[in-house]
Amino acid sequence: MVTSDMAKPLLANERSDPAPSGVLCGGTISILGSGDFARSLATRLLYSGFKVVVGSRNPKRSSALFPADAEVTFQVDAAKRSDLIFVAVFRNHYSSLKPLAEDLAGKVLVDVSNNLESSAGRESNAEYLAALFPQCTVVKAFNVVSAWALQSGPKDGNKQVLICSDSIDARSRVASIARTMGFIPVDMGALCAAREIEDVPHRLLPLWTIPAALAICLFFFFYLYNFVRVVLHPYLMEKKNRFYKMPVEVMNVTVPCVAYVLLSLVYMPGVLAAFYQLRNGTKYKRFPNWLDQWMIHRKQIGLVSFFFAVLHALYSLCLPMRRSARYQILDDAFKQVRLLSENDRDWWPSPALCASPSGQLEKCIGVGFVGLSKLGFAALVVATLHTLTFGWKRAFEANRYKFYLPPTFTLTLILPLIIILARTAFLLPCLRTKLARIRRGWEKNTSARFSDLSDTSNESSSNV
């Protein structure tokens, strides 16, 4: 017996010790294939009480890889020993099983394979196997369970086994085996569902692809835009080297822009949905597909926005640590002292002189940290206040327009201000009341009437 986590039962109320050698309470199950998944499957079946026969093209070489209780033999012998057979080989090796067609006839074949790419537009592996062996009953199962899941057992989070087949009896048998192994069977219906099941492993973080791609595109756009303004313009126009600002300062201007725009994109589909409902006069007309997809991805977009906001906070804490920042502070202090001495004033600046810029910075930081909190739509308003506090004066300074390009924060303000103004407009009684009626079922082309918007129980409907 192997001494590993495989020996531990999947369910807490099962026996704590593995079954003794040769004392197996289940029937015989055959496995065609000797790969990693076949080994993990065979071991888990053994410790679940089944007798396992493994069919290999080279039994002598493969026998050392399997537990001692598993019988490793030739494929033709394994095919004869059980009426339920797990096919654990790749799709392109299915044809090598054709010589076993006579021995496999009338038996249940459980296909556990996965496609290397999506099954969209073509037959699944299970359907292909069923076409090769029309006298067999093919069941698709266990493809969403990894070899690691079979080994780790109760430590693994996902214990569902998706099952489909044209035979109800075959699905029931495989589901019973999955339950005995400690997994949760999920009946997906007929064999045609195998295409969907085989696509499951390709759906890694399915709702994160668009938000991640959107964030990357915004990041490169704003980084290039800030690079042109902060680094390239001084280099070409003033012959000053500002390339040292690229890793920290340019990054710290870029990541808040990405976070701010992404946060705006979280609330933009809600504004568009309200506009569509007001224009159509009903909530029962479907939104365009692109708007549906946008609304589905709002949570992920918001989380990516929060990630960039946290990066902005961390980069902001790093700004004073730069050597260039210390030199800049000393240079500003020297210029201030020289200016005051030329005017015959006290060389030490008064607190009142430093209060204005310092106060603006403190307000900016304070509002920024509040914007990081979970405030819903208020977070967008607070982030807008943070942006305005940081640079509202800079929008009116001519020297801020490098290559006639406006400051970055002015670009990021466009979309949030539109959203805030639109949400404010929806608060007007004429729009708010109509939108509330629509979302409660009122339609423009029907006679549904609402006697009291505050009490849905008083709604009535009459025919024209």
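The structure presented is a predicted model; accordingly, all values stated were derived computationally and were not measured.

Okay, the sheet that holds strand E3 (residues 71–74) next. The strands that make up a sheet pair up through hydrogen bonds in the backbone, lying either parallel or antiparallel. Judged by pairing direction, the sheet is mixed, and its eight strands sit side by side in the order E3-E2-E1-E4-E5-E6-E7-E8 without closing on themselves. Lying at the two open borders of the sheet, with one neighbouring strand each, are E3 and strand E8 (184–187). Each strand of the sheet is rotated relative to its neighbour by a mean of 30°, with strand direction disregarded. Taken together, the four bridges between strand E4 (residues 84–87) and strand E5 (residues 108–111) define a ladder with parallel strand orientation. Bridge pairing in E5 places Leu84 opposite Val108. The strands touched by helix H7 (residues 168–180) are strand E1 (28–32), E4, E5, strand E6 (137–140), strand E7 (160–165) and E8; relative to E7, the strand with the most contacts, the crossing angle is about 165°.

Each aromatic ring pair is specified by the distance between its two centres and by the angle formed by the two planes. Evaluation of the coordinates by the stated rule reveals 14 aromatic pairs. Both rings, one in Phe221 and one in Phe222, keep their centres 5.1 Å apart while their planes meet at 70°; by these two values the pair is edge-to-face. Taking the relative accessible area as the measure of exposure, Phe222 reaches 5% and is therefore buried. These aromatic residues form a ring-pair network of at least three members: Phe86, Phe142 and Phe183.

Those places that UniProt annotates as "transmembrane region" (unreviewed entry) correspond, in this numbering, to residues 208–232, 253–276, 296–318, 365–388 and 408–431. Overall, residues 208–232 shows 96% helix and 0% strand. The separation of its end C-alpha atoms is 34 Å. End C-alpha atoms of residues 296–318 are separated by 36 Å, and the span's content is 96% helix alongside 0% strand.

Moving on, we come to the packing of helix H10 (residues 246–280) against helix H15 (residues 377–391). A pair of packed helices can be characterised by two numbers: the angle between their axes and the separation between those axes. For the pair H10 and H15, interaxial distance at closest approach is 10 Å and the crossing angle is 145°. H10 and H15 meet at a crossing whose hand is left-handed. Of H15, the residues touching H10 (which contributes Tyr260, Leu263, Ser264 and Tyr267) are Phe377, Ala379, Leu380, Ala383, Thr384 and Thr387.

Attention now goes to helix H16 (residues 408–425). For H16, with 18 residues, the first-to-last C-alpha span of 27 Å sits near the 26 Å given by 1.5 Å per residue. The largest bend along H16 measures about 30° and falls at Ile414, with the proline Pro416 one to four residues further on. If you check which residues of H16 are buried, you get Thr408, Phe409, Thr410, Thr412, Leu413, Pro416, Ile419, Ile420 and Ala422. On its buried side, H16 packs onto helix H9 (209–237), H10 and H15.

Looking now at helix H12 (residues 298–318). Taking 1.5 Å as the rise per residue, H12 with 21 residues should run 30 Å; its terminal C-alpha atoms sit 30 Å apart, in good agreement. Restricting attention to buried positions, one finds in H12 the residues Gln300, Ile301, Val304, Ser305, Phe308, Ala309, His312 and Ala313. Packed against the buried residues of H12 are H9, H10, helix H11 (289–296) and H15.

Before going further, it helps to examine the pairing of E6. Across four bridges, the pairing between E5 and E6 is parallel. Paired with Asp111 across the two strands is Lys140, which belongs to E6. Relative to E7, E6 is paired through two bridges, and the arrangement is antiparallel. Across the sheet, Lys140 pairs through a bridge with Cys164, a residue of E7.

Taken together, the side chains of Arg279, Lys285, Lys434 and Lys444 define a basic patch exposed on the protein surface. Turning to its location among the elements, Arg279 is positioned in helix H10.

Within this structure, the stated rule accounts for 12 salt bridges. With its nearest N and O atoms 2.1 Å apart, the salt bridge here joins Arg39 to Asp36. Of this pair, Arg39 and Asp36 both sit in helix H1 (residues 36–47), three residues apart, which is roughly one turn of the helix. A relative accessible area of 53% places Asp36 in the exposed class.

So, about the nonpolar core. Phe219, Val258, Leu262, Tyr267, Phe308, Leu380 and Ile419 are the most contacted members of the largest nonpolar core, which has 46 residues in total. Per element, the largest residue contribution to this core is 20 residues, and it comes from H10. Aside from chain neighbours lying at most four places away, what touches Phe308 is Ala215, Phe219, Val255, Val258, Ala259 and Leu262. Listed in part, the 35 residues of the second largest apolar core include Phe50, Val52, Val108 and Val174.

Where H9 contacts H10, the axes come no closer than 8 Å and their chain directions differ by 135°. Between H9 and H10, the angle is such that the two are oblique. Crossing of H9 against H10: the hand is right-handed. The residues of H10 that touch H9, namely those facing Leu214, Ala215, Leu218, Phe219, Phe222, Tyr223, Asn226, Phe227, Val230 and Val231, are Met246, Val250, Met251, Val253, Thr254, Val255, Cys257, Val258, Val261, Leu262 and Leu265. Taken together, the residues that form the contact of H9 with H10 break down as 19 nonpolar, two polar and no charged.

Cut-offs and rules
- Residues numbered from 1 in each chain as written.
- Predicted model: local features only at pLDDT ≥ 70, side-chain atom pairs only at ≥ 80, totals over all residues.
- Heavy atoms only, no water.
- Pairing = 2+ DSSP bridges.
- Helix = DSSP H or I, 4+ residues; strand = E, 2+ residues; numbered from the N terminus.
- Axes fitted to C-alpha atoms, helices over the stretch in contact; angles between N-to-C directions.
- Contact = heavy atoms within 4.5 Å.
- Phe/Tyr/Trp six-rings, centres within 6.5 Å; stacked < 30°, edge-to-face > 60°.
- Buried < 20%, exposed > 50% of the residue type's maximum accessible area, 1.4 Å probe, protein only.
- UniProt positions renumbered as here; feature names shortened; annotations may be inferred.
- Left-handed = near helix turned anticlockwise from the far one by under 90°.
- Expected span 1.5 Å × (residues − 1).
- Bend = angle between axes of the 7 residues up to and from the residue.
- Patch = residues over 30% accessible without salt bridge, like charges linked within 9 Å, V, L, I, M, F, W, Y side chains within 5 Å.
- Areas by Shrake-Rupley, 256 points an atom, 1.4 Å probe, with all protein chains shown as cover.
- Salt bridge = Lys/Arg side-chain N within 4 Å of Asp/Glu carboxyl O.
- Lys, Arg positive; Asp, Glu negative; His and termini not counted.
- Charge placed at Lys NZ, Arg CZ, Asp CG, Glu CD.
- Core = buried A, V, L, I, M, F, W, Y, C linked by side-chain atoms within 4.5 Å.
- Parallel < 35°, antiparallel > 145°, perpendicular 65-115°, else oblique.
- Nonpolar A, V, L, I, M, F, W, Y, C, P; charged D, E, K, R; others polar.

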